[in-house]
Amino acid sequence: MRVKNWLALWAALVCGFAFAPATLAADETSSATTGTTELSEVVVTAEKRTENLEKAPVTVSVVSGEDLVTRGIDDISEATVMFPSVKFNPISGTTHLYIRGIGAEQDRASIDPLSAMTENGITIPREATGNDLYDVSAVEVLPGPQSTLYGASAAGGIVSVVDNRPVNKEEGYAIFETGNYDLKHITAVENLPLSDVFYVRAAFDDVVHDGYETSGAQAQDELGARISAVYAPSKDFNGYMWYSYNHTGGDPANTVTLLGTSGNHTFPDPSNPWNDATCTPSGAGAPLGVNATCDPFFIGSQFQDFRTNIGGAQFDWHLPGVTISDIPGVLVQDGTSLQYFSPFPNYQVIGTHQYSNELRFTSDSEKPFKWVGGLYWYQETEYQYFSVNNTLIQNLDQIDGNPQIWNEDRTYAAFGQVTYSLTDAIRFTGGLRYSENNKDAHGCNCSAGGGEGVYFTFSHTWPRLDWKVGTEMDIGSNGLWWATVQTGYDNGAYQYYNQSGLLGKDNAGPAPLVQPSTLVSYSSGVKFRFFDNRLEVNNEVYFYDYKNLLIAPFDDNPAHYGNTFYNADKTEIYGDEIDIKFLVTPSDQLSLNFNYNHARAIDFIVGEPPVNYGGLQLIEAPDAVANAGWQHTFKLPDGAGVELNADTHYENGFWGTFNHAPTTHQTAFTMTDANLTYRSANGRWYAGLFGRNLENSAVIGPGAYVGAGTIGGVYWLLPPRTYGARFGLNW
């Protein structure tokens, strides 16, 4: 059936290209042949209004949708190497988001992400962050707390995905990719104006590839489709509506085992770190990999089957002096997966229903006051079932889970931010957000006590007031300085057992409380453009003072049944992030960015007897991250062009556990991507080659320390070297 769909779509696209009006093709101009003498302006929506990146008093890293396509990137985890201060790590269909060292290693229902993701202004839950990116306008990363405008889950920052909207023009494009691991990827987009006031856009994306791991795990089979419409009957009203469907199939990644007794890790098969099927015996008395012939815990091949439906809209009413926007959203997701924790099976079932609405008021004027404010409501209900390290086939019917949870989150908030221009060059900003966040839950660690289970309940409300104050000053016509102090937070959580620790349904009781994470952030930065807008230098220094930072590792303490969350009493993060873009010639652009990020727990006491882990580097928080990129355009005599892009990403190493457990240190590494693209003179087609992780660096992502025998940890690995070819049509 998949082959028939591909052939039908190919035929339709060829016909569409062949009979597309010639006038449309003439309007297209290839970026390779345009030539420019200054850096282009970048528009962002970081502060919930459209503004020039160089005029926004915040640090924002932006990657365009065109750049994602050129580099062969189709999900957010693969975009890690394009940002200076992030780690986006895939686990099954989800992605763990770390920004400047702030994120959560576990993906349990009771804890909210510490760094959040949105799509077209709608919060995307952790379980849907791994959905493919296609027909995207831009991806923006806002590091640091964004709580006054975005609320909970924004303590570490925001990843904002902005899709392309329908426009009043007939156009479309198609992209075909093939590569190693039997990659087949197609994207097709058609934009049609049905009238002068109503236009629609349809986008389709399908990607499949074989597994990166020896067992066939880490194989992708992803199908996405989105339809959107714009209704603009007058200058006073604009309505944007969209719906997307995503199916995640294929085989999820299994972990690989890290060996050793101290320090850096080794792999069971050093010649192939992605070998998850080795039968090498270990000190734990079990083989290290997923192999039906020698793994006594093997219950079947890994699989995943997740479906996500998202509906959203933005309705804008333009009144004198103010724009009123209403942004409703709904998300429904469900799915199951089976994967292996080297070699123990992990079966999970997830169901999520999310509803939200933001009513926003934005001033149309800039001076003397520029302001934005609104009301926000959010509700999420989630069912989550894990059967971890349990080899009974009947647990696929959700018996004896570890854990099994029914969780509901509700948030109500009011927010506002005002900027006052004291002079034409000096401005002051103040912001407030009041919110109430409630969690209700019940569930059990049903595999505890030989299946008798530890049952728990939970209900708690956290009121919260966040604030922001800042100042900014224009420096000449091409410079900006700003300084900001603001607060941030992440909702509290609960443990997956009751306070008494007693077994059985009759002994159900309140779950222990995990405190909210809070912080005060201090930041100051400058933005400059020099040499007739050919050189751009943006720099920010920052200091984050965290209280009760959530630390969410896997816990191998039998009394905790594999799940315990901690609060680090005091954590400090400080650093410097600099971003440079230089248009050396009209055909050459150099990009450099560097982030020094000193992320340390200062006061963090855990265990009996108590141990203070203060002074240790946070999980997945390298001290130094650097990116360097170069783009050159070769202009050909007939007006066509050849673009060469090369980007390299460097990290100086990080730890996979909060206590720096043996073997869980990732040493320094680089990952280099490159692509070569030929664009026709008329812009109607292009062809190219791409490669990612050319070094074939084996880099660990999220995981856990198990400490059994010679085993140190079980960790997911980022993808190996991939490469391929691309062909694109525009009409």
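One can find the structure itself at the top, above this paragraph.
Note that the structure is a prediction, hence the values are computed from the model and not measured.

1. Focus on the overall build of the protein chain
Counting its secondary structure elements, the protein chain contains five helices and 41 strands. Its C-alpha atoms give the protein chain a radius of gyration of 25 Å, near enough to 27 Å, the size a compact globule of 731 residues would have. Taken over the C-alpha atoms alone, the protein chain extends approximately 70 × 60 × 45 Å along its principal axes. Counting over 731 residues, the protein chain shows a buried share of 58%. Looking at the protein chain alone, contacts between residues at least 24 apart form 66% of all its contacts between residues at least 6 apart. Of the accessible surface of the protein chain, which amounts to about 27,100 Å², a share of 60% is contributed by carbon and sulfur atoms. Taking the average place of the 40 positive charges on the side chains of the protein chain and the average place of its 82 negative ones, the gap between the two points comes to 6 Å.

2. A few points about the nonpolar core
Within the largest apolar cluster, 43 residues are counted, with the highest numbers of intra-cluster contacts made by L68, I76, F83, F88, V139 and V159. Sorting elements by how many residues they give to this core places strand 8 (residues 136-143) first, with three residues. Within the second largest apolar cluster, 38 residues are counted, among which are Y494, L519, Y546 and Y613.

3. Section: the state of the cysteines
Enumeration over the complete set of coordinates arrives at two disulfides. With its sulfur 1.8 Å from that of its partner, C279 forms a disulfide with C294. Taking the torsion about the S-S bond as the criterion, the C279 to C294 disulfide, at about -75°, is left-handed. A residue pair is termed long-range when its members are at least 10 positions apart, and C279 in the loop between strand 15 (256-259) and strand 16 (303-319) and C294 in the loop between strand 15 and strand 16 qualify at 15 residues. For C279, a relative accessible area of 33% gives the class partly exposed. What makes C294 partly exposed here is its relative accessible area of 27%. Disulfide pairing places C444 opposite C446 at an S-S distance of 1.7 Å.

4. Examining the pairing of strand 19 (residues 369-388)
Of all 20 residues that make up strand 19, 14 are buried, and the element is covered over most of its length. In textbook terms, the turn of a hairpin is the stretch between consecutive antiparallel strands, and for strand 18 (residues 344-363) and strand 19 this stretch comprises five residues. Of the strand pairs in this sheet, strand 19 and strand 20 (residues 404-421) are connected by 17 bridges, and their pairing is antiparallel. Paired with Y378 across the strands is T411, a residue of strand 20.

5. What about the packing of aromatic side chains?
The full count for this structure, using the stated rule, is 28 aromatic pairs. Both rings, one in Y566 and one in F604, keep their centres 6.3 Å apart while their planes meet at 65°; by these two values the pair is edge-to-face. With Y566 in strand 29 (residues 566-585) and F604 in the loop between strand 30 (588-603) and strand 31 (605-606), this pair connects stretches of sequence that are 38 residues apart. Accessibility classification places Y566 together with F604 in one group, the buried group. Between Y678 and W685, the aromatic rings sit 5.3 Å apart at their centres with planes inclined by 45°, giving tilted as the arrangement. By relative accessible area, Y678 is classed as partly exposed at 25%. Every member of this aromatic cluster is reached through a ring pair, and the members are F456, F458, W462, Y494, Y496 and F565.

6. Here's the deal with unusual backbone geometry
As a rule of thumb, non-glycine residues mostly have phi less than zero, and peptide bonds are mostly trans rather than cis. Note that the residue after S342, namely P343, is joined by a cis bond; omega there is 0°. If you trace the backbone, P343 turns up in the loop between strand 17 (322-341) and strand 18. That bond from K367 to P368 is cis: its omega, 0°, falls within 30 degrees of zero. Note that P368 resides in the loop between strand 18 and strand 19.

7. Quick notes on the pattern of salt bridges
Across all of its chains, the model carries 33 salt bridges by this definition. Residues E47 and K468 are paired through a salt bridge, measuring 3.1 Å at the closest nitrogen-oxygen approach. Pair noted here: E47 is in the loop between strand 1 (43-44) and strand 2 (51-52) and K468 is in strand 22 (residues 454-474), with a separation of 421 residues, a long-range link. Just as E47 is buried, K468 falls in that class too. Among the salt bridges present, the one from D440 reaches R410, with a minimum N-O distance of 2.9 Å. Of this pair, D440 sits in strand 21 (residues 426-445) while R410 sits in strand 20, and the two are 30 residues apart along the sequence. Exposure remark for D440: the relative accessible area of 24% places this residue in the partly exposed category. Connected via shared salt-bridge partners are R49, E51, E366 and K370.

8. Quick look at a nonpolar patch on the surface
A cluster of nonpolar side chains, F369, W371, V418, Y420, L422 and F428, forms an exposed patch at the surface whose accessible area comes to about 540 Å². Sorting the residues of the nonpolar patch by element identifies strand 19 and strand 20 as the ones contributing at least two each. By relative accessible area, which is 34% here, Y420 ends up partly exposed.

9. Focus: the side chain of D409
Among the structural elements, D409 can be located in strand 20. Residue D409 is classed as buried on the basis of its relative accessible area, which comes to 5%. In this structure the side chain of D409 is engaged in a polar contact, spanning 2.7 Å, whose partner is the side chain of K439.

10. Some points on the sheet that holds strand 39 (residues 700-705)
Strand order in this open sheet of three strands is 15-40-39, and the pairing throughout is antiparallel. Strands with a single pairing partner mark the edges of an open sheet, and in this sheet they are strand 15 and strand 39. Recorded for the sheet is a direction-independent mean angle of 35° between the axes of neighbouring strands. Pairing geometry for strand 15 and strand 40 (residues 711-717), over four bridges, is antiparallel. Residue pairing across strands places L259 opposite I711, the latter belonging to strand 40.

11. Re the pairing of strand 8
Burial of strand 8 is extensive: seven of the eight residues sit out of reach of the surface. Pairing geometry for strand 8 and strand 9 (residues 157-163), over seven bridges, is antiparallel. Following the sheet pairing, V141 is matched in strand 9 by V159.

12. What to know about the environment of G351
Among the structural elements, G351 can be located in strand 18. Here the alpha-carbon distance between G351 and Y686, two residues 335 residues apart in the chain, equals 41 Å. Once residues lying within four places of it in the same chain are set aside, the contact partners of G351 are Q333, D334, T381, E382 and Y383.

13. Comments concerning the sheet that holds strand 6 (residues 115-119)
A sheet is described by the order of its strands in space; here five strands give the open sequence 3-8-9-6-7, paired in mixed fashion. Each edge of the open sheet carries a strand with a single partner, namely strand 3 (61-64) and strand 7 (122-124). Across this sheet, the average inter-strand angle for adjacent strands is 25°, counted without regard to direction. Pairing of strand 3 with strand 8, which is carried by four bridges, proceeds in the antiparallel orientation. In the sheet register, S64 faces strand 8, and the bridge partner there is A138.

About the thresholds
- Within every chain, residues take consecutive numbers counted from 1 along the sequence as written.
- For a predicted model such as this one, the threshold for reporting local features is a pLDDT of at least 70, and the threshold for listing and counting side-chain atom pairs is 80 or more; totals across whole chains, interfaces and linings nevertheless cover every residue.
- The basis for every side-chain value is the complete set of non-hydrogen atoms in the structure, without hydrogens or water.
- A run of H or I in DSSP counts as a helix once it spans at least four residues, and a run of E counts as a strand once it spans at least two, with each numbered from the N terminus.
- Restricting the calculation to C-alpha atoms gives the radius of gyration, and the globule rule supplies 2.2 Å times the number of residues raised to the power 0.38.
- Each residue gets one of three labels from its accessible area relative to the maximum for its type: buried under 20%, exposed over 50%, partly exposed in between, using a 1.4 Å probe on protein chains only.
- Two residues qualify as a contact provided that any one of their heavy atoms is within 4.5 Å of a heavy atom in the partner residue.
- Accessible surface area values rest on a Shrake-Rupley calculation with a 1.4 Å probe, where residue burial reflects the displayed protein chains alone.
- Asp and Glu are treated as the negative residues and Lys and Arg as the positive ones, with His and the ends of the chain left uncounted.
- Charge positions are represented by NZ for Lys, CZ for Arg, CG for Asp and CD for Glu.
- For the purposes of this section, nonpolar cores are sets of buried Ala, Val, Leu, Ile, Met, Phe, Trp, Tyr and Cys residues that join through side-chain atoms within 4.5 Å.
- A pair of cysteine sulfur atoms is labelled a disulfide when the two atoms are within 2.5 Å.
- We call two strands paired when DSSP finds no fewer than two bridges between them.
- Centre distance within 6.5 Å is the pairing criterion for rings of Phe, Tyr and Trp, where only the six-membered ring of Trp is used; planes under 30 degrees apart are then read as stacked, over 60 as edge-to-face, and the remainder as tilted.
- Salt bridges are defined by distance alone: a side-chain nitrogen of Lys or Arg within 4 Å of a carboxyl oxygen of Asp or Glu.
- Only residues whose relative accessible area exceeds 30% and that form no salt bridge are eligible for patches; like-charged ones are grouped when within 9 Å, while nonpolar side chains (Val, Leu, Ile, Met, Phe, Trp, Tyr) are grouped when within 5 Å.
- N or O atoms closer than or at 3.5 Å make up a polar contact, with two conditions inside protein: a donor-capable atom paired with an acceptor-capable one, and, for residues adjacent in sequence, both atoms drawn from side chains.
- A fitted line through C-alpha atoms represents every axis, and for helices the fit uses only the stretch in contact; the resulting angles, taken between N-to-C directions, go from 0 to 180 degrees.

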